[in-house]
Amino acid sequence: MFAVALFAAAACCRTARIDAVITDASSSDVIVKLLDINKFSVLDTVAVDTDGKFSYKVEVREGQPEFVYLFHGDKKVASMILQSGDKVSVVADTLGNYTIEGSEESAKLMQVEKDYAAAVAKLNSLALRAEEAVSPDYAVQLRQELAREYVNYYRGRVKYVMENASSLSVVPVFYQTFGSNLPVFGQKTDAIHFRNIADSLSVAYPESKY
């Protein structure tokens, strides 16, 4: 019975391993943070060696993946969705550019963040140009282009969540916003997407807090 209990404890409290290189942060510290539903909690502060390398193990229960983030100072430099038993390799810089291998879910989250950052940059650029436009007609043209870009991004995100209904990488997609008052999923009809994904994730990860 004692051996069975030990095995059960090991099975439910396994770890995920992160091997990382922060290319321009040698001999500094990296903060490892865990997302607890809607707020960050600090797991640890890890010393980076002279080559910018460090390793860290995160406790991850079986069937309960965790959102884990690496910060250099106040700057988020890498994002991961770690499952029990994962061994991931991360190469990042202090500007927030990173690549990740060894975790399909983390790779999806990385792409989600890159797509969002690109969309934010494009919409902000169009909005600024529209504000500074001397010609009223050109300003209208830019605003129309901005609206088209927003709609295209929204449609792309709908397609993404439908095609990845069992992936936790869809969770942050639902809470993306442009500015402080323009959510990507802000229409009443979007409730069906929330419900469908919640149903799919409850099947894929019945014990997950997400």
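What you see is a predicted model, and the numbers here were worked out from it, not measured in a lab. (Residues numbered from 1 in each chain as written. Predicted model: local features only at pLDDT ≥ 70, side-chain atom pairs only at ≥ 80, totals over all residues. Heavy atoms only, no water.)

**Looking at helix α2 (residues 104-132)**
Next, step 1: Under the 1.5 Å per step criterion, the end-to-end length of α2 is 42 Å for 29 residues, consistent within 8% with the ideal 42 Å.
Next, step 2: In this structure, the buried side of α2 is in contact with β5 (66-72), β6 (75-82), β8 (98-101), α3 (136-163), α4 (170-173) and β9 (177-178). (Helix = DSSP H or I, 4+ residues; strand = E, 2+ residues; numbered from the N terminus. Expected span 1.5 Å × (residues − 1). Contact = heavy atoms within 4.5 Å.)

**Quick notes on the pattern of salt bridges**
Next, step 1: Applying the stated rule across the entire model yields 9 salt bridges.
Next, step 2: Residue Lys39 is joined to Asp36 by a salt bridge in which the shortest nitrogen-to-oxygen separation is 3.5 Å.
Next, step 3: Glu113 is the salt-bridge partner of Lys76, the closest N and O atoms lying 3.2 Å from each other. Placement of Lys76 in strand β6 and of Glu113 in helix α2 is noted, with a sequence separation of 37 residues between them.
Next, step 4: Under the relative-accessibility criterion, Glu113 is labelled partly exposed at 22%. (Salt bridge = Lys/Arg side-chain N within 4 Å of Asp/Glu carboxyl O. Buried < 20%, exposed > 50% of the residue type's maximum accessible area, 1.4 Å probe, protein only.)

**A few points about the pairing of strand β4 (residues 53-59)**
Next, step 1: A one-sided burial pattern is seen for β4, the buried positions being Phe54, Tyr56 and Val58 and the unburied ones Lys53, Ser55, Lys57 and Glu59.
Next, step 2: Here 7 bridges tie strand β1 (residues 15-22) to β4, and the two strands are oriented antiparallel to one another. The partner of Arg17 across the bridge, within β4, is Lys57. (Pairing = 2+ DSSP bridges.)

**Things to note about the sheet that holds β1**
Next, step 1: Read from one edge of the open sheet, 4 strands run β4-β1-β7-β8, paired in mixed fashion. In the strand order of this sheet, the two ends are held by β4 and β8, each with one partner. Looking at each pair of strands side by side, their axes are set apart by 20° on average, direction ignored. (Axes fitted to C-alpha atoms, helices over the stretch in contact; angles between N-to-C directions.)

**What about the packing of aromatic side chains?**
Next, step 1: Across all of its chains, the model carries 11 aromatic pairs by this definition.
Next, step 2: Their ring planes at 80° and their centres at 5.2 Å tell us that Phe40 and Tyr69 sit as a pair that is edge-to-face. Of this pair, Phe40 sits in strand β3 (residues 39-47) while Tyr69 sits in strand β5, placing them 29 residues apart in sequence.
Next, step 3: The partly exposed category is assigned to Phe40, whose relative accessible area is 41%.
Next, step 4: Take Tyr69: its relative accessible area is 6%, and that puts it in the buried class.
Next, step 5: By way of ring pairs, the aromatic residues Tyr154, Phe174, Tyr175, Phe185 and Phe194 are connected into one cluster.
Next, step 6: Positioned above the aromatic ring of Phe71, the side-chain terminus of Lys33 is 4.1 Å from the ring centre. (Phe/Tyr/Trp six-rings, centres within 6.5 Å; stacked < 30°, edge-to-face > 60°. Lys NZ or Arg CZ within 6 Å of the ring centre and 35° of its normal.)

**Some details on helix α5 (residues 191-204)**
Working note: α-helix, 3.6 residues per turn, so residues spaced by three or four point in the same direction.
Next, step 1: For α5, spanning 14 residues, the distance from its first C-alpha to its last is 20 Å, which sits close to the expected 20 Å at 1.5 Å a residue.
Next, step 2: Inspection of α5 places His193, Ile197 and Leu201 among the buried residues, and these make up the whole buried set. Taken down its axis, α5 places every buried residue within 60° of arc, on the same side.
Next, step 3: On the buried face of α5, the contacting elements are α3 and α4. (Arc of directions from axis to C-beta.)

**Structural notes on the environment of Val120**
Next, step 1: As for its position among the elements, Val120 is in helix α2.
Next, step 2: Distance in space between the C-alpha atoms of Val120 and Gly63 is 33 Å, their sequence separation being 57 residues.

**Some points on unusual backbone geometry**
Next, step 1: The phi dihedral of Ser27 is positive, around 55°, even though this residue is not glycine.
Next, step 2: With a phi angle near 65°, Ile37 is a residue other than glycine that sits in the positive phi range.
Next, step 3: Examined against the element boundaries, Ile37 turns out to sit in the loop between β2 (29-36) and β3.

**Topic: the nonpolar core**
Next, step 1: Formed by 27 residues in total, the largest nonpolar core has its most connected members in Phe67, Val161 and Phe185.
Next, step 2: At the level of secondary structure, the elements contributing two or more residues to this core comprise β5, α2, α3, α4 and α5.
Next, step 3: If you tally residues by element for this core, the top one is α3, at 6 residues.
Next, step 4: The contacts of Phe185, once residues within four sequence positions are left out, are Tyr154, Arg157, Val158, Val161, Val173, Phe174, Asp190, His193 and Phe194.
Next, step 5: Ala16, Phe54, Val60 and Ala92 belong to the second largest nonpolar core, which has 26 residues in total. (Core = buried A, V, L, I, M, F, W, Y, C linked by side-chain atoms within 4.5 Å.)

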